[in-house]
Amino acid sequence: MLLAALMLLLAGGCHGSRGLEPFVMPEEFDLSLRHEIVFWAKNDTNKNQTRIYEQAIADFEKLYPNIDVNLRPYTDYGRIYNDVITNIATGTTPNVCITYPDHIATYLTGVNVVLPLDGLLEDERYGLGGSMLKYDSPSFAEVMPQFMAECRIDGHYYAVPFMRSTEACYVNKTYVEKLGYTLPEVLTWDFVWEVAEAAMAKDGSGNYAVNGQDIMIPFIYKSTDNMMIQMLRQYGGGYATAEGEVLIFNDTTRELLYTVAEHAESRAFSTFKISSYPANFLNAGQCIFAVDSTAGATWMGTDAPLSDISADKLVRFETAVMTVPQVDPAAPQMISQGPSVCVFNKSDQQEVLASWLFAQYLLTDGVQTAYSETEGYVPVTATAQNSAEYRDYLARGGEDLSEHYEVKIKAARLLLDNIGNTFVTPVYNGSASLRDAAGQMIEEVTKSVRRQETVDDEYIEQLYGRVNALYRLDQKNAAGGGAERERLGPLPQTAKLLLAGLAAIWAFIALYAGITQVKKWKNRHI
Amino acid sequence: MKKIIVVLLALSFALAFAGCSSSDTKSEGVMTHAEYTAAALDSKVVVETYVQAKQSWWDNKATVYTQDKDGAYFLYNMACSEEDYAKLTTGTKIKVTGYKAEWAGEVEIIDATFEIEKGSFVAKALDVTAMLDKAELIDHQNEFVSFKDMTVEAADDSGAAFLYSWDGSGQDGDDLYFKASVGGKTYTFTVESYLCDKTTNVYAAVKALNVGDKIDMEGFLYWYEGVNPHITSVKVK
């Protein structure tokens, strides 16, 4: 009996490390079986996006009445990431999840947790464009190859792209011209820094001459992770290899940080984390160059449909939507970003297939065009991009201040015109930490000079060491290391009981064996 | 004998008052609230203050509402172990060293460290209803305050009394947004889900609100591009 209990406990203990069995494609999808699919979806705190998810689910459930999709909306990728990590540990991941490839790389440390999609994508019946689907799905070739490639990790597809965006620089053109400058066709770093410094001039009353206010931060960057990544790419500085070797602590980074420090010290530059949303300053006439995602375009400009500042603070100006500042205007380079969709493995293969059917439904033209039109997103399929509905939408930019808000459509066009100029950073377990570290260096340098601290070689060396240690970049598979253990917290009670049970049983066995040996010894020696 | 009793009573009163005043006396090198208010942004600040509410702990960082008898200090992402976070009960006196910062109008102390000291103070809610439309309201930023006799207004065009997230894009467990008016002016209030999650009484109370309800509220006078109180208590009258 004891041995049986021990085997059970051991089997239970092994289950976590072995994980689920790999998914095997069923012969066919059984429409008579009911499934409840949990979908964790990210929106940009935008109820139109939530509405589109709900509509997509309703339409899908009509096609597949045996599948119920439960939506859990999130407004933060970080929260999804943390919740997935927590739920991997307890075996309660969602079925379908909006996420970043960087995050998937960490999820993959769990055995058979994330579904590799290679076989499913090409399955003739249920794959992209499959014959057994109840909807028109794009073929594999019709998903934009650049975006599809971003979902490939270690030689396998672990996601499909859902939407794509890049960053844009939203410019107060009125103030640029007021300062005596003319916007170039492509923004350069030199131009932005020069105009930003010029905007710091004050009038006789102590206000900034360009806006007549006592607040002016000419250049604000929302994502300093992206700022550092794109600068390094454009200046040819190292970031990371595909294998996960960290290259970021180099001389190019050092020079870039000196440049940031120079303009942060004059207060011509700040960041979202230090000052607040670039859009709020831009729309109040307190910022000239606001860099944010194209997926934040509906917040940008005097007539932005969404705004966090009161109407009396809005200042009227002309908004130019431009690529992020460049080193070489003839060869612009910008980040590709945006949500992807992954499917989590489960023990019920029919349930997994149901999840895949729903994930794939998100690539259909109706969902793609509707969602992309909520912000400056771009559909990820050629079929949606070339659809009459989407073409008509693009052509009507500026017709109104809501659906066809000019800034939003210009932001989408910016990416459509530059798909070939986008890039992504290498994805590996730990790449999410490196992204954080890249931005953290800009944040720290900016805060330091604001606090009158000296930023010199010694400072930079110390910063490199500190950031390296904080993000565990010197440890392979950083994201799966101590940081995650810390986040996951102490062992659950069940695990503690299991370990205690094992210890007790082994102790009992040892005692039993000891007594038996003593008896044998006594029998032999009496 | 009477004289002795009188002397003893006087002594005890004197000691009691001395004890009271010493709890608010700042230690060497510690700023008064007035000095903190006058300090420049990005400068180093050292304050002694008392925990009033804990908003969140994550990754060894705590966000805490604190206040002394003269004013409030919002501590954002202060270095704090999970073990120490448990010690930060309401009223706990702490000495905080950090940097003064401003984010979207919210003045706060960032990149801070702290040590627990002896002493306790729990602020009473200051009624700021009459100040809601006045410039002086900002003088009480982050303080524990109350709002009396306000009327619940529709949170959006649908007529809902509250929204999950600012525009209704959220779900149960997310921040709640609702509006209430007084003196013909309407203001927005928030139940911040980290400060008061969906298991709290205030979260349930706001979900049960109806447009037109008369309510009293308490909370912290947070700022985001204008006043944005984080409500901790709602009572329907």
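Residues numbered from 1 in each chain as written. Chains lettered and ligands numbered in written order. Predicted model: local features only at pLDDT ≥ 70, side-chain atom pairs only at ≥ 80, totals over all residues. Heavy atoms only, no water.

K.L.:
What am I meant to see in the packing of aromatic side chains here?
P.N.:
Aromatic ring pairs are defined here through the distance separating the ring centres and the angle between the ring planes. Across all of its chains, the model carries 42 aromatic pairs over all chains by this definition. Their ring planes at 65° and their centres at 5.9 Å tell us that Tyr277 of chain A and Trp103 of chain B sit as a pair that is edge-to-face. Highlighted residues: Tyr277 of chain A in the loop between α11 (272-275) and α12 (278-283) and Trp103 of chain B in strand β4 (residues 92-103), drawn from two different chains. A relative accessible area of 31% means that Tyr277 of chain A is categorised as partly exposed. Judged by relative accessible area, which is 16%, Trp103 of chain B ranks as buried. Members of the aromatic cluster, each reached through a chain of ring pairs, are Phe29, Phe39, Tyr53, Phe60, Tyr64, Tyr135, Phe162, Phe358, Tyr361, Tyr371 and Tyr377 of chain A. Cation over ring: Arg451 of chain A sits above Tyr99 of chain B, and NZ or CZ is 3.7 Å from the ring centre. Over the aromatic face of Tyr85 of chain B sits the side chain of Lys54 of chain B, whose NZ or CZ is 4.2 Å from the ring centroid. (Phe/Tyr/Trp six-rings, centres within 6.5 Å; stacked < 30°, edge-to-face > 60°. Helix = DSSP H or I, 4+ residues; strand = E, 2+ residues; numbered from the N terminus. Buried < 20%, exposed > 50% of the residue type's maximum accessible area, 1.4 Å probe, protein only. Lys NZ or Arg CZ within 6 Å of the ring centre and 35° of its normal.)

K.L.:
Where do I start with the domain arrangement of chain B in this structure?
P.N.:
Interfaces are often described in size by the accessible area the parts lose on coming together. Residues and elements named next belong to chain B. Per the domain assignment, the segments of chain B are domain 1 (23-120) and domain 2 (126-236). Centre-to-centre, using C-alpha coordinates, domain 1 lies 24 Å away from domain 2. The partner domain 2 presents 13 residues to the 16 residues of domain 1 that form the contact. Ranking the residues of domain 1 by area buried against domain 2 places Gln55, Tyr65 and Glu106 at the top, with a combined share of 40%. For the interface between domain 1 and domain 2, the tally reads eight residue pairs in polar contact (both at pLDDT 80 or more). At the level of secondary structure, the elements contributing two or more residues to the side of domain 1 that touches domain 2 comprise β1 (44-58), β2 (61-67), β3 (72-79) and β5 (106-120). Ranked by residues supplied to the side of domain 1 that touches domain 2, first place goes to β1 with five residues. (Domains from an automatic or database assignment. Contact = heavy atoms within 4.5 Å. Buried area = accessible area lost by both parts, 1.4 Å probe. Polar contact = N/O pair within 3.5 Å; in protein donor to acceptor, adjacent residues only side chain to side chain.)

K.L.:
What am I meant to see in the pattern of salt bridges here?
P.N.:
Side-chain pairs of opposite charge can arise whenever the charged atoms involved come near each other. Residues and elements named next belong to chain A. Summed over all chains, the structure comprises 27 salt bridges over all chains. Among the salt bridges present, the one from Glu318 reaches Lys173, with a minimum N-O distance of 3.5 Å. Taken together, the positions of Glu318 in the loop between β11 (289-293) and β12 (319-323) and Lys173 in helix α7 (residues 173-178) put the pair 145 residues apart, joining distant regions of the chain. Among the residues examined, Glu318 registers a relative accessible area of 45% and is labelled partly exposed. Owing to a relative accessible area of 25%, Lys173 belongs among the partly exposed residues under this scheme. (Salt bridge = Lys/Arg side-chain N within 4 Å of Asp/Glu carboxyl O.)

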